[in-house]
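If you want the building blocks of each chain, they are given just below.
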Amino acid sequence: MTAPVVSMRGAAVRVGGRTLWSGVDLDVGAGEFVAVLGPNGVGKSTLVKVLLGVLPPAAGEVRVLGGRPGRAGRRVGCLPQRRSFDASLRMRGTDIVRLGWDGDRWGVPLFGGLRA
Ligand SMILES: Nc1ncnc2c1ncn2[C@@H]1O[C@H](COP(=O)(O)OP(=O)(O)OP(=O)(O)O)[C@@H](O)[C@H]1O
Ligand SMILES: [Mg+2]
């Protein structure tokens, strides 16, 4: 098996003085499609924040693409749960989905092709 793209060992997270989850061991391999399910407020979005390096884990080890979370640059995309758009902005469904790919370069796409 190739190195996992996401690896967690004994990971825990605390927000507002409260432990949301702990003892999490997880490996996600390249090409795997993974869904994280749970009730409102259980800590799913907080897991994404940890994987993006926005929030440090309170315990354990978290690796993304072999390094510390937040260090993978454009190799990681994120389509946020909520993003408000100006009512006059013309957005198609494909534009929103594409944010997961190039949302780090939010702006008007250059005419004639993809940006490097
Ligand atoms: N910065 C913060 N400070 C204090 N509490 C927080 C903070 N961020 C999140 N929380 C709390 O942590 C819990 C988990 O939040 P999170 O957004 O990860 O849940 P979720 O599983 O994504 O929920 P939903 O299904 O509603 O999207 C919630 O109770 C939330 O109020
Ligand atoms: Mg959420």
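The structure presented is a predicted model; accordingly, all values stated were derived computationally and were not measured.

### Looking at the nonpolar core
Within the largest apolar cluster, 10 residues are counted, these being Val-6, Met-8, Ala-11, Val-13, Leu-20, Trp-21, Val-28, Leu-47, Val-50 and Val-62. It is strand 1 (residues 6-15) that contributes the most residues to this core, 4 residues altogether. Residues within four places of Met-8 in sequence aside, it is in contact with Trp-21, Val-24, Asp-25, Leu-26, Leu-47, Leu-51, Glu-61 and Val-62.

### Side note on the pattern of salt bridges
With the rule as written, the count across this model stands at 3 salt bridges. A salt bridge links Arg-63 to Glu-61, with the nearest nitrogen and oxygen atoms 3.9 Å apart. Residue classification places Arg-63 among the partly exposed positions, given a relative accessible area of 31%. Glu-61 gets classed as partly exposed once you look at its relative accessible area, which sits at 43%. The residue Asp-95 makes a salt bridge to Arg-92 at a minimum N-O spacing of 2.8 Å. Residue Arg-92 is classed as exposed on the basis of its relative accessible area of 54%.

### A closer look at the pairing of strand 1
The sheet contact formed by strand 1 and strand 2 (residues 18-28) spans 7 bridges and is antiparallel. Across the sheet, the residue bridging to Arg-14 is Thr-19, located in strand 2. Following strand 1, the chain reverses through 2 residues before pairing antiparallel with strand 2; Gly-16 in that reversal takes a positive phi of roughly 55°. The pairing of strand 1 with strand 3 (residues 59-64) spans 5 bridges and is classified as antiparallel. Within strand 3, the residue paired with Ser-7 across the bridge is Arg-63.

### Examining the site of ligand 1
Inspection of the region around ligand 1 gives 13 residues, with Arg-18, Gly-41, Lys-44, Ser-45 and Thr-46 positioned closest. Gly-41 places a main-chain nitrogen or oxygen 2.8 Å from an oxygen atom of ligand 1. Within the side chain of Lys-44, one N or O atom sits 2.7 Å away from an oxygen atom of ligand 1. Burial of ligand 1 by the surrounding chains reaches 60%, relative to a free accessible area of 640 Å². Of all elements in the fold, only strand 2 and helix 1 (44-52) reach the threshold of two or more residues within the shell around ligand 1. A per-element tally of the shell around ligand 1 places helix 1 first, with 3 residues.

Rules and cut-offs
- Just so you know, the residues in each chain are numbered from 1, in the order the chain's sequence is written.
- Lettering for chains starts from A, numbering for ligands starts from 1, and both go in the order in which the items are written.
- For a predicted model such as this one, the threshold for reporting local features is a pLDDT of at least 70, and the threshold for listing and counting side-chain atom pairs is 80 or more; totals across whole chains, interfaces and linings nevertheless cover every residue.
- Heavy atoms from the whole structure form the basis of all side-chain values; hydrogens and water molecules are not counted.
- To define a nonpolar core, start from buried Ala, Val, Leu, Ile, Met, Phe, Trp, Tyr and Cys residues and group those joined through side-chain atoms within 4.5 Å.
- Relative accessibility under 20% of the residue-type maximum defines a buried residue, over 50% an exposed one, and the middle range a partly exposed one, all with a 1.4 Å probe and only protein chains included.
- In this description a helix means any DSSP run of H or I spanning at least four residues, a strand means any run of E spanning at least two, and both kinds are numbered starting from the N terminus.
- By the convention used here, residues are in contact when the closest approach between their heavy atoms is within 4.5 Å.
- Only one rule defines a salt bridge in this text: a Lys or Arg side-chain nitrogen within 4 Å of an Asp or Glu carboxyl oxygen.
- For two strands to count as paired, DSSP must find a minimum of two bridges between them.
- To be near a molecule or strand, a residue needs just one of its heavy atoms within 4 Å of it.
- Definition of a polar contact: a pair of N or O atoms within 3.5 Å, with one able to donate and the other able to accept a hydrogen when the atoms are protein atoms, and with sequence-neighbouring residues admitted only if both atoms are side-chain atoms.
- Every accessible area reported is derived by Shrake-Rupley at a probe size of 1.4 Å, with residue values counting cover from the shown protein chains alone.

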